[in-house]
Amino acid sequence: GGTHIRETRFHHLIINRDASSTNTLWRDVSGNTLTIDGDFTITKGTFFRNTAADTLTVTGDVSVGATGKLGDGSESGTNNFGSLTIASGGTFIATSGTTTITSIASSWSFDTVSNSTFTHNNGTIKFAASSGDQKIRNLGGENFYNLTVDMANGDLVQGSTGFIVENNLDITLAADHTWRPNTTSHTLTVLGNLYLTTGKIGDTTQFTGTMNWGNVTINSGEFILSTGTNNVSGIRN
């Protein structure tokens, strides 16, 4: 049956239930934030908030296994994760708020592998490492809704092709850092607005495929076009 957690702070937390459909709910009787100071692993079972607007903070790695599920689609609160990995068969349903990724993972800061499920829930995924490169890979094939990069020092490396951002992509990087592809043939589609606040797009490793950029606003920085075809709804510098 369902299990309810009332504690608000753990070091490492592992959810390993009898079935993927078995629920574990967190109840905020003594605060509105559940903090895990280490890693959060869902091996089997479903974990979600009992109160939709509560905050989940994990300073380490969040791992969702093949028979695990994080989120239920009703949540609106904030997620703060070090890194996020969704294994094949695993499911992550984001909140309709913001999920912030802060750590530099050894391989990928955000990784949805083949046959995993990522549902954006009209929310924002934000990359906000204070130093070092962050890498995002989305092999599961699901789209982002809003994608935000706000990094003080480091590049954002796109590690898979066919990225689709259904709404807005907002990039704020240090002046000498860039959003760049891990492989030049990777492609990116932004259906809403692309805001380049500071930093660069496409430096160091340059896009070569067909890019769909939506409406582009360059407030500052450098927008380097793909050497292939660039479809742009509009551009303002």
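That block above? That's the structure.
Since the structure is predicted, the reported quantities are computational estimates derived from the model, not experimental observations.

1. What to know about the environment of Phe110
Then step 1. Here Phe110 is to be found in strand β11 (residues 110-112).
Then step 2. For Phe110, a relative accessible area of 0% gives the class buried.
Then step 3. Separated by 101 residues in the primary sequence, Phe110 and Arg9 have C-alpha atoms spaced 24 Å apart.
Then step 4. Non-local contacts of Phe110, meaning those with residues more than four positions away in its chain, are made with Leu84, Ile101, Phe118, Ile125, Phe127, Lys135, Ile136, Arg137 and Phe144.

2. Observations regarding the pattern of salt bridges
As a working rule, side chains carrying opposite charge can pair if their charged atoms are close by.
Then step 1. Within the structure shown, the criterion is met by six salt bridges.
Then step 2. Glu75 is paired through a salt bridge with Arg49; the nearest N and O atoms lie 3.1 Å apart. Remark: Arg49 occurs in strand β6 (residues 40-49) and Glu75 occurs in the loop between β7 (55-70) and β8 (79-86); sequence separation between them is 26 residues. No difference in accessibility class separates Glu75 from Arg49, as the two residues are buried.
Then step 3. The salt bridge partner of Arg180 is Asp133, with a shortest N-O separation of 3.4 Å. Residue Arg180 is located in strand β19 (residues 178-181), and its partner Asp133 is located in the loop between β13 (124-127) and β14 (134-138); the two are separated by 47 residues in the primary sequence.

3. Overview of the nonpolar core
Then step 1. Core analysis: the biggest nonpolar cluster contains 48 residues, and Phe40, Leu70 and Trp179 have the highest contact counts within it.
Then step 2. With five residues, the single largest contributor to this core is β7.
Then step 3. Not counting residues within four places of it along the chain, the set of residues in contact with Leu70 comprises Phe40, Ile42, Phe47, Leu56, Val62, Val64, Phe81, Thr91, Phe92 and Ile93.

4. Digging into the packing of aromatic side chains
Then step 1. Tallied over the entire structure, the rule returns 10 aromatic pairs.
Then step 2. Arranged with centres 5.6 Å apart and planes meeting at 45 degrees, the rings of Phe110 and Phe144 form a pair that is tilted. Note that Phe110 is positioned in strand β11 and Phe144 in the loop between β14 and β15 (146-150), a separation of 34 residues in sequence. Each member of the pair, Phe110 as well as Phe144, is classed as buried.
Then step 3. Ring centres 5.5 Å apart and planes at 55 degrees place the aromatic pair Phe118 and Phe144 in the tilted group. Note that Phe118 is positioned in strand β12 (residues 117-119) and Phe144 in the loop between β14 and β15, a separation of 26 residues in sequence. Taken as a pair, Phe118 and Phe144 share a single burial class, namely buried.
Then step 4. Its guanidinium or amino end placed over the ring of Trp108, Lys135 lies 5.7 Å from that ring's centre, counting from NZ or CZ.

What counts, and at which threshold
- Residues numbered from 1 in each chain as written.
- Predicted model: local features only at pLDDT ≥ 70, side-chain atom pairs only at ≥ 80, totals over all residues.
- Heavy atoms only, no water.
- Helix = DSSP H or I, 4+ residues; strand = E, 2+ residues; numbered from the N terminus.
- Buried < 20%, exposed > 50% of the residue type's maximum accessible area, 1.4 Å probe, protein only.
- Contact = heavy atoms within 4.5 Å.
- Salt bridge = Lys/Arg side-chain N within 4 Å of Asp/Glu carboxyl O.
- Core = buried A, V, L, I, M, F, W, Y, C linked by side-chain atoms within 4.5 Å.
- Phe/Tyr/Trp six-rings, centres within 6.5 Å; stacked < 30°, edge-to-face > 60°.
- Lys NZ or Arg CZ within 6 Å of the ring centre and 35° of its normal.

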